Each structure stands twice: as structure tokens, then as C-alpha cells.
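# Fold and contact review
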Amino acid sequence: MSIRYYSTNRNLNNVAGITPFASSVSFKEALLMGQAPDEGLFVPDSIPQLLINDILKLRGKPYWQTAMLVAQAFLADEFSKEVLEVVVKDAYNFPVPLEAVYPRAFVMRLDQGPTASFKDFAARMMARLMSHCRAKGERINILVATSGDTGSAVGEAYKRVAGIDVTILYPAAEVSLMQKKQLDTIGGNVHALCVEGKFDDCQNLVKVAFSDPELAVFNLSSANSINFGRILPQIVYYIYAYAELAGAGEEVIFSVPSGNFGDALGCEYARRMGLPVAKLVMPTNENDEFPIFLETGKYKKVSPSRACISNAMNVGHPSNLARFFELYGGTVDRVGNVHRYPDIEEMRRHIYSVTVSDGQTRETIKSVYERYHVIMEQHGAVGWAGLEDYFQKTGEEKLAICLETAHPAKFPEEIKQLLGVTPEMPDSMKDLAKRKGSAINIANDYDTFKGYLQKNLKIKE
Ligand SMILES: *Cc1c(COP(=O)(O)O)cnc(C)c1O
């Protein structure tokens, strides 16, 4: 029986502004739609189960084989084995290092992809799956508004993917020079528009375009982080790490530095598929709405969000909280109103969360380097600080794996200042300065943007 995907808002019958989407869609439909029409998030109606022996058999095998196991469990009814194999082999052609910090404690480095961010894992698989969802000969046009790193991960992921063009909008004054270079030089089927405005302006231009009937011929689609197609690939590395490091039946603790909770959600699904996860540790930066919720049982978003040095995690209301609530029997909407609280005792059994200040983050970067000679950047350090806090509070001793979500070389000033060393650039970033390419500058004006799209987007392959 194939898995169907329904909206987290499907039961919100008497809520102003929401018309619940009561039906369900296939994975392919969810992938192309991104979000449910009622602004809820798509969730699977059942979770496939893995056998522990099939997981343990993956030890020593290339990463794509774990991806294949997860992909087949969810997608076997909608994609052939041959297609899935091409997708995962092509998506995962880079290493996934597991670095020992001390005995039975590891850092999993998810920073070896083309943009040195863990977002490469999800974006690359999603892009390739989408390419196989097109009607024959048709073209899909992706529009993305970005404030920086997501845009380049998505852009790089879709580079040279058949039948798909990507247009990235970014705010002229809000991206760093390095980010601008990354966005401008992808090239090929990926086009960068530098908008004279703020990130919100970019988002608005994209939003209006999606609802413009005159642009419907272009098969517009999004690639944002709430797409279930970006969650599915994030289940894979938890299973991979377990197979590599755990003994038969051993329990593991994962620590996942968290912003919009998509990464941690991958771990939650992995556990529900049968992975022996003793605890999912989800540390946040000073945006502490979730640790406070777990402690008090009351949810209140942080608004406006707080600016911390782990800036990819500056989120005051995590978009994937809706999926976590759903899995534990609750409902929360896009703006952060709780309509039904989840089973908090059950949540506490499986999840631990703590807020980590910028000061603690910097101290952690220093102490991990001084004690273990391991270099972490500020996102991974939030994860490590949370793990240490968990061990201190519980006294537990178990296999532990902390995710490092970006490469330290992306933050050379911060690392140099704290450690006195300059982290070596990964190969993917070494040639950045030499890369050529430029963005098209456009005004923050919908008619100009629409004119650009009508002139440049293609309908057929
Ligand atoms: C996006 C991001 C995160 C947060 O991941 P979520 O899935 O949003 O919780 C953490 N670290 C880095 C470097 C990121 O880019």
C-alpha cells in the first residue's frame, strides 16, 4: 500500500483564514506542491519500518546504499529501483566523515558537499527526484528567495539537472561577498537575480509570482525547506552513522543543532523507522522557544527572532515544529498558534532541548579544540554544548554523535579569533575566488520581475 501525504492543518475547521485541505496526495505531488494548499505541511500517513539487520549490514558500504534503503522504504511505489539508484549515486558522490572526539563520542561532518553545508544532502536528492517527476518533455521552473546559504545549496543541487531551471532572488545588501560570489557563479541552468531590497522583498516577489495566473504556464515550483522531499534525505545520515559506529542493538544519542527543525526531524523519523535512538538532543541558540516549551509545556514563539552567531539557526518559530507536534498528537499552525498540545511526557521521553548562548558557543569552540584538537564552527558547537549539557544532567554514558552542519572554513574570522588558526578550505570552496559569473540586477518591483520571467523562462525542455 503506498504512502499518502496529508496536511498538518487538515483538522483546523473553525480557524479564521484557514480552509483545511482534507484530502491527501502522493509523494510526487507533495514534492511538486511543496506546501499543502491550506499552508500546512505534508506528512506521511504511515512510517515504513526497517529491520535492524538490514541497517547493520550497511557497515563499510558507500553512503548511497543507506540512501537507497531509505528511498526504497518510502518511494518504491512511485519510482523504479533503477531511477532511485541513479538518483542516490549521483546525489552522494562526496565523503561523510565520522570523527572521533573521545571514545564513543563522534562528530559527523556533513560539510563535504558542494556548498560545505548539510543542506546539500537534502537539496541534491530532492533536485534529482524532481527531475523524474516531470511530464515528458516538460520543464519545471524553480523560484527561490534566499538570504544566503540555502540559495546556494539549492542552486548547486539543481545545476545540470535535466529539465529544471532555477531562478534565485537574493537581497543586494544582505548577503556577504562570499555568499554573493557563490550565488552568482553557479551558472548553466541556475540564474541569480540580485534584488534592490531586503530578503522579505525577495520572498514577496516570489510569492506573488506563484499566485499569478499568467505565469502558470511555466510550471513554477519551490524548493523550500518545508518540502517533504527535503526531509526524507535527512533521515539517511542517522542510519548511516549508526551502521558505521554502533554494535548490534546498541542505543545511540544524536545531537542536532536546530533552527527550523528539519534536520532533527530526520532523526525523529529514523527512530520511528526502527533505529535505536535513546535520545534526540535538539539544542537551539538564544532562540529558546522550544527548550522553554519542553520545560514548561507552554509554547510561545520568539518574535522577532534573536540574532546569534549561529545565524542559520536564528528562528523564532521553527517551521517543522508543525510536524513534530503532529507526530506527538498536537497541532500548531504557521504563525505559531497551538490548536492542540502534543503529548509532552512522550516528547520528553525521546527529546531533550537546551538553549546555548553565544558566549557558551564560543567557549565550546575553544574547549573542544583545546581538549580534543577538533575544530567546530558555531552551529556544530551549539550541538556539542547541548550534548555536554545532556551528559552532565543525566550522567548517562552512551554512544553519542553530534552533527556538524557547516564547514569551519565558512567562518574564518570567528575561528581565527577564537583559536588562532585559519581552517583549511574544503576543495569545493578553494576555487571560489576564481569563478566567473554575474547576477542580473533588478529593482524591487513585481512588473519588472514578471517581465524578466516571461522573457527568460522556458516552457518545454
Ligand atoms: C540550516 C542550518 C541549520 C539548522 O537546520 P534546521 O533543519 O533548520 O534545524 C544548522 N546549521 C547550519 C549550518 C544550517 O545551514
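For the structure, check the block above.
These remarks concern the structure in this document. Keep in mind the model is a prediction, meaning the values are calculated, not measured. (Residues numbered from 1 in each chain as written. Predicted model: local features only at pLDDT ≥ 70, side-chain atom pairs only at ≥ 80, totals over all residues. Heavy atoms only, no water.)

## Some thoughts on the overall build of the protein
Counted only if it meets this: Numbering of helices and strands starts at the N terminus; helices are DSSP runs of H or I of at least 4 residues and strands are runs of E of at least 2. The globule rule used here is 2.2 Å times the number of residues to the 0.38 power, and the radius of gyration it is set against is calculated over C-alpha atoms. Between buried and exposed lies partly exposed: a residue is buried under 20% and exposed over 50% of the maximum accessible area for its type, with that area taken using a 1.4 Å probe on protein chains only. Two residues qualify as a contact provided that any one of their heavy atoms is within 4.5 Å of a heavy atom in the partner residue. Each accessible area is a Shrake-Rupley result for a 1.4 Å probe, and residues are judged covered by the shown protein chains and nothing else. In this charge count, Lys and Arg are treated as positive and Asp and Glu as negative; neither His nor the chain ends contribute. Taken as the charge location is NZ of Lys, CZ of Arg, CG of Asp or CD of Glu.
On a plain count of helices and strands, the protein comes out with 19 helices and 16 strands. For the protein, the C-alpha radius of gyration of 21 Å lies close to 23 Å, the compact-globule estimate for 461 residues. Each of the three principal axes of the protein carries a C-alpha extent, and together these read 60 × 50 × 45 Å. Expressed as a percentage of the 461 residues in the protein, the buried residues total 58%. By sequence separation, contacts in the protein at least 24 residues apart represent 74% of the contacts at least 6 residues apart. As displayed, the protein offers around 18,800 Å² of accessible surface, 49% of which is attributable to carbon and sulfur atoms. Computed over 50 positive and 55 negative side-chain charges, the inter-centroid distance for the protein is 3 Å.

## Brief notes about the nonpolar core
Which entries qualify depends on this criterion: We define the nonpolar core as a collection of buried residues of types Ala, Val, Leu, Ile, Met, Phe, Trp, Tyr and Cys that are connected through side-chain atoms lying within 4.5 Å of one another.
The biggest cluster of nonpolar side chains holds 104 residues, and the ones touching the most others in it are Phe74, Tyr158, Phe254 and Phe324. Of the residues forming this core, the biggest block, nine residues, is contributed by helix H10 (residues 236–245). In this structure Phe74 touches Ile3, Tyr5, Pro44, Pro48, Phe228, Leu232, Ile235 and Met273, once residues within four positions along its chain are discounted. Listed in part, the 21 residues of the second largest apolar core include Ala105, Tyr352, Val356 and Trp384.

## Observations regarding the packing of aromatic side chains
Test applied: Stacked, edge-to-face and tilted are the three classes for Phe, Tyr and Trp ring pairs, Trp counted by its six-membered ring, which pair at centre distances within 6.5 Å; planes under 30 degrees apart are stacked, over 60 edge-to-face, the rest tilted. Look at NZ for Lys and CZ for Arg. If either is within 6 Å of the ring centre and within 35 degrees of the ring normal, a charge sits over the ring.
Counting across every chain of the model gives 28 aromatic pairs. Between Phe261 and Phe290, the aromatic rings sit 5.0 Å apart at their centres with planes inclined by 75°, giving edge-to-face as the arrangement. Of this pair, Phe261 sits in the loop between strand S10 (252–255) and helix H11 (262–272) while Phe290 sits in helix H12 (residues 289–296), and the two are 29 residues apart along the sequence. An identical accessibility class is assigned to Phe261 and Phe290; each is buried. Where Tyr446 meets Phe449, the ring centres are 6.4 Å apart and the plane angle is 65°; that geometry is what we call edge-to-face. Within this pair, Tyr446 and its partner Phe449 are both found in helix H19 (residues 446–456), separated by three residues, close to a single helical turn. Residues Tyr446 and Phe449 agree in their burial class; the two are buried. Of the aromatic side chains, those joined through ring pairs into one cluster are Tyr63, Tyr92, Phe94, Phe121, Tyr237, Tyr238, Tyr240 and Phe254. Over the aromatic face of Phe79 sits the side chain of Lys28, whose NZ or CZ is 4.8 Å from the ring centroid.

## Comments concerning the side chain of Gln378
Within the fold, Gln378 resides in helix H16 (residues 378–394). Take Gln378: its relative accessible area is 4%, and that puts it in the buried class. Residues within four places of Gln378 in sequence aside, it is in contact with Ile309, Ser310, Thr361, Ile365, Phe411 and Glu414.

## Observations regarding the environment of Pro304
Its place among the elements puts Pro304 in the loop between H12 and helix H13 (321–327). Judged by relative accessible area, Pro304 falls into the exposed class, the value being 68%. C-alpha separation for the pair Pro304 and Gly316, spaced 12 residues apart in sequence, amounts to 6.8 Å.

## A word on H10
Burial analysis of H10 places nine of its 10 residues in the buried class, which makes it a mostly covered element. Val236, Tyr237, Tyr238, Ile239, Tyr240, Ala241, Tyr242, Ala243 and Leu245 are the residues of H10 that are buried.

## Topic: the pattern of salt bridges
The line we're drawing: Salt bridges are defined as contacts in which a side-chain nitrogen from Lys or Arg sits within 4 Å of a carboxyl oxygen from Asp or Glu.
With the rule as written, the count across this model stands at 28 salt bridges. Across the pair Lys393 and Asp389 runs a salt bridge, and its minimum N-O distance is 3.0 Å. Taken together, the residues Lys393 and Asp389, both in helix H16 and four residues apart, mark about one turn of the helix. In this structure Lys393 comes out as exposed when scored by relative accessible area, which is 58%. Beyond isolated ion pairs, a larger network of salt bridges with shared partners links Glu156, Lys159, Asp431 and Arg435.

## Here's the deal with the sheet that holds strand S1 (residues 5–7)
Here is the rule: Strands qualify as paired when DSSP identifies two bridges or more between them.
Read from one edge to the other, the open sheet built from three strands follows the order S2-S1-S3, with strand pairing classed as antiparallel. With one partner strand each, in any of the chains shown, strand S2 (24–25) and strand S3 (42–44) form the two edges of the open sheet. Note that S1 and S3 share three bridges and pair antiparallel. Looking across to S3, one finds that Ser7 is bridged to Phe42.

## Describing the site of the ligand
Where we set the bar: We call a residue near a given molecule or strand whenever any one of its heavy atoms falls within 4 Å of it. Polar contact is defined as a pair of N or O atoms within 3.5 Å, subject to the rule that within protein one atom must be able to donate a hydrogen and the other to accept it, and that residues adjacent in sequence are counted only when both atoms are side-chain atoms. Each residue receives one of three labels: charged for Asp, Glu, Lys and Arg, nonpolar for Ala, Val, Leu, Ile, Met, Phe, Trp, Tyr, Cys and Pro, and polar for the others, Gly being one of them.
Taken together, 13 residues lie near the ligand, and Lys119, Gly259, Asn260, Phe261 and Thr405 sit nearest. One of the backbone nitrogen or oxygen atoms of Asp263 is found 2.9 Å away from an oxygen atom of the ligand. Out of a free accessible area of 380 Å², the ligand has 95% covered by protein chains. Looking at the shell around the ligand residue by residue, the class counts come to five nonpolar, six polar and two charged.

## Comments concerning the packing of helix H4 (residues 81–91) against helix H5 (residues 119–131)
Note the following rule: Axis lines are fitted through C-alpha atoms, for helices just across the contact stretch, and the angle between N-to-C directions can take any value from 0 to 180 degrees. Throughout, a crossing is termed right-handed when the near helix is turned clockwise from the far one, and left-handed when it is turned anticlockwise from it by less than a right angle.
Here H4 crosses H5 at 145°, and the two axes come no closer than 9 Å. Taken as a pair, H4 and H5 cross one another with a handedness that is right-handed. Seen from H4, the contacting residues are Leu84, Val87, Val88, Asp90 and Ala91; seen from H5, they are Arg124, Met125, Arg128 and Leu129. Here the residues of the contact of H4 with H5 are counted per class, giving six nonpolar, no polar and three charged.

Read these as layout, nothing more, since geometry by itself doesn't imply function.
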